[in-house]
Amino acid sequence: MKMKKELNEKQLYSQRKVLCVIMFLVTLAFLMGGLLLKFFVLNFEKPQGLDFYIALAFGTCGLFMILLSFAIYVFVSRKELVNFPKKLAFILASIIFTYLSNVVLASYCYYYVFIGLTALVLATVLPKKDVFVANTITSLLVMVNLFTNAAYIGKIIEHYVPIIGLLLLDVFFGAIVTAVLPENNKRTIFILEGVLLESVALGLIFVLVNYFPDEKFVSNIVLTIICTYAPVLLALLLQPLFTSIFNILSNSKMYELTDHTSPLIKRLVQEAPGTFSHCLSVASYAEVCAIAIGENPHLAKACAYYHDIGKIKNPEYKQKNEAFMQALRDGEEELFEISQGVLVKILKSGDGDRSPRQGNVVTVNYKGSLINGRVFDNSWERGYPEAFRLSDLIVG
């Protein structure tokens with residue numbers, strides 16, 4: 001049974017790997033589309049540099065190598081993304097959108113590009129390292145596209161400084177966003193911090209332009225300012241759109257779900273106050289435990305808040321259950337209570353001289369039934385005992 005389960009898991013993982021490879025190939029197609037778009041539609045200067053096919057080969061190799069590096073990172077270091085392809089699709093969609101947007105904007109002026117858009121979209125949803133790597137990959141992809149075009153038109157000397165300057169600024173901005181934004185889930189705080197960080201980016205752009213002036217920048221400073229702050233607004237629009245399309249829970253969404261003013265929580269407070277108090281206690285424990293084991297505390301807290309939400313329709317069930325447990329405590333002298341409220345009655349004591357330890361596997365016959373007498377499992381009826389690891393069972 002265990003071998004069959006492991007085989008099914010391996011087959012499922014293989015299928016997911018194939019799906020991820022397909023997503024990377026689709027992404028490469030979009031990247032190539034952006035390169036050709038730059039060559040044929042957004043190139044406003046007469047080509048006087050590299051031959052078209054040489055430039056295309058150079059750009060294709062550059063884009064492929066960078067995307068391949070990201071694929072290796074995913075398949076080797078971040079297998080969790082392979083097990084959850086929707087998260088990888090979310091990352092790739094953000095990379096594609098930022099890449100194509102910046103290719104278009106850079107065709108008019110390099111300083112119009114969206115600084116750190118990928119990082120802003122992903123920051124409150126994914127782990128920090130994934131956000132930083134995805135933003136850096138996006139910056140490198142845009143750089144390859146712009147360098148290829150500069151070599152194609154024969155002006156790589158004139159263009160390399162702003163291209164490299166914006167690459168470094170984008171990577172630096174992505175690192176700051178990664179360090180700051182994931183800790184704050186309210187959208188108002190997101191906007192304030194995003195605007196503050198973009199202001200820093202705008203200041204650095206002015207410093208860059210001061211040493212390497214650009215006529216288009218000087219002629220339309222207002223458009224540069226708009227494009228610098230636009231990523232904050234775009235991130236607020238794209239994040240719920242992408243998370244909805246790919247069915248991914250964001251921290252900001254979970255923060256809203258656990259707000260005591262949300263409609264369902266307000267109903268729980270009003271219609272089942274006892275259950276709400278219980279949910280608060282469970283949420284506190286769940287949040288602490290999630291942090292301790294490196295899991296998402298916001299998800300754990302949200303799940304704890306809503307795990308008993310069905311009692312809104314029958315709030316008296318909790319009182320009935322507690323009354324039933326208390327009646328058992330009062331009515332049966334042989335019962336005793338252990339941790340977590342578990343009631344134990346010893347029907348027959350063992351006489352062996354050895355006891356299994358926490359990590360041991362034991363083979364037992366048992367019957368499990370609910371308080372109404374309905375049997376949900378019986379090893380005697382199956383004809384063979386069940387094996388359990390003691391650490392996986394409730395204490396008692």
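Above this text is the structure in question.
Residues numbered from 1 in each chain as written. Predicted model: local features only at pLDDT ≥ 70, side-chain atom pairs only at ≥ 80, totals over all residues. Heavy atoms only, no water.

A. Focus on the overall build of the chain. For the chain, the helix and strand inventory stands at 16 helices and six strands. Classification of the 396 residues of the chain by burial places 39% in the buried group. In the chain, the proportion of contacts linking residues at least 24 apart, taken out of those at least 6 apart, comes to 71%. A total accessible area of about 22,900 Å² is found for the chain, and carbon and sulfur atoms account for 63% of it. (Helix = DSSP H or I, 4+ residues; strand = E, 2+ residues; numbered from the N terminus. Buried < 20%, exposed > 50% of the residue type's maximum accessible area, 1.4 Å probe, protein only. Contact = heavy atoms within 4.5 Å. Areas by Shrake-Rupley, 256 points an atom, 1.4 Å probe, with all protein chains shown as cover.)

B. Quick peek at the pattern of salt bridges. Here the structure, examined in full by the defined rule, presents three salt bridges. Residues glutamate 80 and lysine 87 are paired through a salt bridge, measuring 3.4 Å at the closest nitrogen-oxygen approach. Here glutamate 80 falls in the partly exposed class, since its relative accessible area comes to 33%. Classification of lysine 87 as partly exposed rests on a relative accessible area of 23%. One network of salt bridges, with partners in common, ties together Arg78, Glu80, Lys87 and Asp130. (Salt bridge = Lys/Arg side-chain N within 4 Å of Asp/Glu carboxyl O.)

C. Structural context of the packing of aromatic side chains. Under the definition given, this model contains ten aromatic pairs. Aromatic pair phenylalanine 39 and phenylalanine 52: ring centres 5.6 Å apart, planes at 70°, arrangement edge-to-face. With phenylalanine 39 in helix H1 (residues 2–40) and phenylalanine 52 in helix H2 (residues 52–77), this residue pair connects regions lying 13 residues apart in the sequence. The same class applies to phenylalanine 39 as to phenylalanine 52, namely buried. Residue phenylalanine 52 is classed as buried on the basis of its relative accessible area, which comes to 19%. In this arrangement the basic side chain of lysine 87 is found over the ring face of phenylalanine 84, its NZ or CZ atom lying 5.5 Å from the centre. (Phe/Tyr/Trp six-rings, centres within 6.5 Å; stacked < 30°, edge-to-face > 60°. Lys NZ or Arg CZ within 6 Å of the ring centre and 35° of its normal.)

D. The arrangement of the nonpolar core in detail. Residues Phe70, Leu88 and Phe90 are the most contacted members of the largest nonpolar core, which totals 78 residues. Those residues in contact with leucine 88, other than ones at most four positions away along the chain, are Cys20, Met23, Phe24, Phe70, Val74 and Leu81. Leu268, Ala272, Cys279 and Tyr306 belong to the second-largest nonpolar core, a separate cluster that totals ten residues. (Core = buried A, V, L, I, M, F, W, Y, C linked by side-chain atoms within 4.5 Å.)

E. Structural view of a nonpolar patch on the surface. Together, Leu36, Leu37, Phe40, Val41, Phe44, Val104 and Tyr108 give the surface a local cluster of nonpolar side chains, amounting to about 640 Å² of exposed area. The element that contributes the greatest number of residues to the nonpolar patch is H1, accounting for three residues. Within the secondary structure layout, leucine 36 lies in helix H1. (Patch = residues over 30% accessible without salt bridge, like charges linked within 9 Å, V, L, I, M, F, W, Y side chains within 5 Å.)

F. Representation of the environment of alanine 283 in the model. The topology assignment puts alanine 283 in helix H13 (residues 273–292). For alanine 283 and histidine 298, which are 15 residues apart along the polypeptide, the C-alpha to C-alpha distance reads 9.6 Å. Setting aside anything within four residues of it in sequence, one finds alanine 283 in contact with Lys301, Ala304 and Tyr305.

G. Structural view of the packing of helix H4 (residues 85–106) against helix H10 (residues 221–245). As a packed pair, H4 and H10 sit with axes 12 Å apart at the nearest point and diverge in direction by 150°. Here H10 runs roughly antiparallel to H4, going by the angle between their axes. Crossing of H4 against H10: the hand is right-handed. Of the residues in H10, those touching H4 at Phe90, Ala93, Ser94, Phe97 and Leu105 are Cys227, Leu238, Phe242 and Thr243. For the contact of H4 with H10, the residue count by class is seven nonpolar, two polar and no charged. (Axes fitted to C-alpha atoms, helices over the stretch in contact; angles between N-to-C directions. Parallel < 35°, antiparallel > 145°, perpendicular 65-115°, else oblique. Left-handed = near helix turned anticlockwise from the far one by under 90°. Nonpolar A, V, L, I, M, F, W, Y, C, P; charged D, E, K, R; others polar.)

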